[in-house]
Amino acid sequence: MNSFKIISTQSWYTNPTTQTLQTGIFVRQTIDAFYHEDYHGGNSERRVTIGTIENIITTLKNQFQDKSNDVLNRAKNSMIQILKADLPQILIRTGKKNLTVCVIPRAKAETFYSHSQLLFKQGVKAAINDLIGFSDGTTYISRHKNTRTTHLDKSGYGGDGDLPYPGIIKKTCNISGDVKGKDILLVDDLYTKSINIDEDAIQALLDNGANSVIFYALGKTAAKSY
């Protein structure tokens, strides 16, 4: 498992009202963050190699609902084993006694997806239920309004809704009052610098009374080398 810092900084975003580019701040403090390993999005071989982060993430997204139950369950079980190895290390490294685990919701309203497209959250829930020191907050953030699917938007398949802007989580999601006073571990499948949806979710949790937020992603998009 690897660590990094999510830094408060000015970032570009598309204003949802004017549709113009401008800068703003998504998260207002530095956040401790962790990830299992680098994600190489352009590596087609890794995407089809069973057990790689690239394969696990793309399989569980099940974008075209074409994955068999066996394939989906294999990817989910691989992820669960990774989480069971990584998450206890976060408790040790941060000195926390208990973390309430929340999950970044998918880009569309939850009712948009089939059961087979929501296995990431189910896998996180299964993993933490077998671990000591973690509480289940996987239902604490639920999306009620569609946003654009960022990883598909450049190819024209992002769908309806807005791209990330400061405050989009609070506008498009319900956040449980149970986050108040809790130390939160916010989990996502993939962190990509400059997308800012994770940063916005962190700030939304803090604004809703979370005592602290730590971030974890299964993969972190690797910087391209030229």
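Rules used throughout
Residues numbered from 1 in each chain as written. Predicted model: local features only at pLDDT ≥ 70, side-chain atom pairs only at ≥ 80, totals over all residues. Heavy atoms only, no water. Helix = DSSP H or I, 4+ residues; strand = E, 2+ residues; numbered from the N terminus. Rg over C-alpha atoms; globule rule 2.2 N^0.38 Å. Buried < 20%, exposed > 50% of the residue type's maximum accessible area, 1.4 Å probe, protein only. Contact = heavy atoms within 4.5 Å. Polar contact = N/O pair within 3.5 Å; in protein donor to acceptor, adjacent residues only side chain to side chain. Pairing = 2+ DSSP bridges. Axes fitted to C-alpha atoms, helices over the stretch in contact; angles between N-to-C directions. Phe/Tyr/Trp six-rings, centres within 6.5 Å; stacked < 30°, edge-to-face > 60°. Right-handed = clockwise from strand over helix to strand, strands pointing away. Salt bridge = Lys/Arg side-chain N within 4 Å of Asp/Glu carboxyl O.

*Asks:* Summarise the overall build of the protein; cite the residues concerned and give the values.
*Replies:* What the protein contains, in helices and strands, is 7 helices and 10 strands. In terms of overall dimensions, the protein is globule-like: its C-alpha atoms have a radius of gyration of 17 Å, near the 17 Å expected for 226 residues. Taken along the three principal axes of its C-alpha coordinates, the protein extends 45 × 40 × 40 Å. Relative to its full complement of 226 residues, the protein shows a buried share of 47%. Residue pairs at least 24 apart in sequence account for 72% of intrachain contacts in the protein once pairs closer than 6 positions are excluded.

*Asks:* For the side chain of Glu54, give the residues involved together with the corresponding values.
*Replies:* Mapped onto the elements, Glu54 comes out in helix α2 (residues 53-61). Within the structure, the side chain of Glu54 is placed 2.8 Å from the side chain of Arg46, a separation counted as a polar contact. Other than its neighbours up to four places away in sequence, Glu54 contacts Asp38, Tyr39, His40, Arg46 and Arg47.

*Asks:* An account of unusual backbone geometry is requested, with residue identities and associated values reported.
*Replies:* The backbone of Ser194 shows a phi angle near 90°, a positive value even though the residue is not glycine. Phi at Asn196 takes a positive value of approximately 80°, unusual for a residue other than glycine. With respect to the secondary-structure elements, Asn196 resides in the loop between β9 (183-191) and α7 (197-207).

*Asks:* Outline the sheet that holds strand β4 (residues 31-39), supporting the account with residue identities and numerical values.
*Replies:* In spatial order, the strands read β1-β4-β10-β9-β5-β6; together these 6 strands make up an open sheet with mixed pairing. This sheet does not close on itself; its edge strands, each paired only once, are β1 (2-6) and β6 (134-136). In this sheet, adjacent strand axes meet at a mean angle of 30° when their direction is disregarded. Relative to β9, strand β5 (residues 99-103) runs parallel, the two being bridged by 4 bridges.

*Asks:* Describe the packing of aromatic side chains, listing the residues and the values that go with them.
*Replies:* All told, the structure shown has 5 aromatic pairs when counted by the stated rule. Geometrically, the ring pair formed by Phe4 and Tyr35 is edge-to-face, given 5.7 Å between the ring centres and 70° between the ring planes. Of this pair, Phe4 sits in strand β1 while Tyr35 is found in strand β4, placing the two residues 31 residues apart along the sequence. Residue Phe4 is classed as buried on the basis of its relative accessible area, which comes to 16%.

*Asks:* Talk me through the pairing of strand β10 (residues 212-221); I want residue IDs and the actual numbers.
*Replies:* Judged by how many residues are buried, β10 sits mostly within the fold: 8 of 10 residues are covered. Bridge count between β4 and β10: 6 bridges; the pairing is parallel. Bridging across to β10, Tyr39 finds its partner in Thr221. In the sheet, β9 pairs with β10 via 8 bridges, with the strands oriented parallel. Bridge assignment links Asp183 to a residue of β10, and that residue is Ser212. In this fold, the crossover linking β9 to β10 by way of α7 has right-handed handedness.

*Asks:* How would you summarise the pattern of salt bridges if you had to cite specific residues and measurements?
*Replies:* The full count for this structure, using the stated rule, is 12 salt bridges. The partner of Asp32 in a salt bridge is Lys5, and the shortest N-O contact between them spans 2.3 Å. Linking Asp32 in strand β4 with Lys5 in strand β1, this pair joins segments that are 27 residues apart in sequence. On the basis of relative accessible area, Asp32 is assigned to the partly exposed category, the value being 33%. Lys108 serves as the salt-bridge partner of Asp160, at 3.9 Å between the closest nitrogen and oxygen. Of this pair, Asp160 sits in the loop between α5 (150-153) and α6 (168-172) while Lys108 sits in the loop between β5 and α4 (119-129), and the two are 52 residues apart along the sequence. Look at Lys108 and you get buried, because its relative accessible area is 5%. Three or more residues joined by partner-sharing salt bridges are found here, namely Arg28, Lys170 and Asp207.

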